[in-house]
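One-letter residues, chain by chain:
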Amino acid sequence: MSRKVQLEILKELLWLGIAVILCLGVTYPLFGVIDNQHLLLNIGLIVLFVYYFRFTVFLGDVRIFKNNYIKAGFFALNIGVFLFTLERLQYFFYVFDNYDNRYFASGNEIEMSQPQFFSMVEFFKKEIVFFMIGFLILIVFLQFRLLFSKWKRKKS
């Protein structure tokens, strides 16, 4: 492997490490409190949030976006990802409004007091809404970046 490819792989591993560290730092207090279905969605959302942040800010440095066909495919894929995330956000707002906090319980929170448990659920609610809205904003920004990069390349 050439030196450039090794550096690209190292950069990908660095971003994966950043995503994992942020994900564990944010979701660690929720392990054993929130059920796994919602916790796994939360973990996946945070990892995608970090990668979309990277794609949006460092679009020119990402090797896979050098190909115009990949950019066009990613642009089309982002429309579906945006709609899916928006549907999940609406689902969470529906659940927050219509269900009790015990809906998110994993069954392992027996040793917690009720105020501690409700505090953790409130943290989960704020955190999932923050990352979902941030992810939706990043998708829109990435769409504009993909369009502008295509337009800039066509113009020159």
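It should be noted that the structure appears before, not after, this text.
Source: prediction; values computed, not measured. (Residues numbered from 1 in each chain as written. Predicted model: local features only at pLDDT ≥ 70, side-chain atom pairs only at ≥ 80, totals over all residues. Heavy atoms only, no water.)

S.K.: How should I be thinking about the packing of helix α1 (residues 3-27) against helix α2 (residues 36-57) in this particular structure?
M.R.: Helix-helix packing: each pair is described by the crossing angle between the helix axes and the interaxial distance. The N-to-C vectors of α1 and α2 enclose an angle of 140°; their axes lie 9 Å apart at closest approach. When the axis of α1 is compared with that of α2, the two are oblique. The two elements α1 and α2 cross, and the hand of that crossing is right-handed. Within the contact between the two elements, α1 uses K11, E12, W15, L16, I18, A19, L22, C23, V26 and T27 and α2 uses L39, N42, I43, I46, V47, V50, Y51, F53 and R54. Its residues placed into classes, the contact of α1 with α2 shows 14 nonpolar, two polar and three charged. (Axes fitted to C-alpha atoms, helices over the stretch in contact; angles between N-to-C directions. Helix = DSSP H or I, 4+ residues; strand = E, 2+ residues; numbered from the N terminus. Parallel < 35°, antiparallel > 145°, perpendicular 65-115°, else oblique. Left-handed = near helix turned anticlockwise from the far one by under 90°. Contact = heavy atoms within 4.5 Å. Nonpolar A, V, L, I, M, F, W, Y, C, P; charged D, E, K, R; others polar.)

S.K.: Even after reading the chapter, I still don't get the nonpolar core, so can you show me in this structure?
M.R.: Nonpolar side chains tend to gather and get buried jointly when the protein is soluble and globular. Ranked by internal contacts, the top residues of the largest apolar core, which has 39 residues, are F92, F104 and I128. At the level of elements, α1, α2, α3 (68-98) and α4 (114-155) are the ones that each hand at least two residues to this core. It is α4 that contributes the most residues to this core, 14 residues altogether. If near-sequence neighbours (up to four positions away) are discounted, F104 is found in contact with V33, I34, D35, H38, F92, V95, F96, V121, F124 and K125. (Core = buried A, V, L, I, M, F, W, Y, C linked by side-chain atoms within 4.5 Å. Buried < 20%, exposed > 50% of the residue type's maximum accessible area, 1.4 Å probe, protein only.)

S.K.: Just to check I follow, could you spell out the pattern of salt bridges for this structure?
M.R.: Working definition: two side chains of opposite charge can pair if their charged atoms are close together. Summed over all chains, the structure comprises four salt bridges. Here E12 and R54 are joined by a salt bridge, their closest N and O atoms 2.7 Å apart. Linking E12 in helix α1 with R54 in helix α2, this pair joins segments that are 42 residues apart in sequence. Its relative accessible area of 30% is what places E12 among the partly exposed residues. A residue is classified by how much of its surface remains accessible, and R54, at 1% relative accessible area, is buried. Across the pair K125 and E122 runs a salt bridge whose closest N-O atoms are separated by 3.4 Å. (Salt bridge = Lys/Arg side-chain N within 4 Å of Asp/Glu carboxyl O.)

S.K.: Sorry, what's going on with a nonpolar patch on the surface here?
M.R.: On the surface, M1, I9, L13, L16, V20, L24, Y28 and F31 cluster together into a nonpolar patch covering about 840 Å² of accessible area. Take L13: it is sitting in helix α1. On the accessibility criterion, L13 (54% relative accessible area) is exposed. (Patch = residues over 30% accessible without salt bridge, like charges linked within 9 Å, V, L, I, M, F, W, Y side chains within 5 Å. Areas by Shrake-Rupley, 256 points an atom, 1.4 Å probe, with all protein chains shown as cover.)

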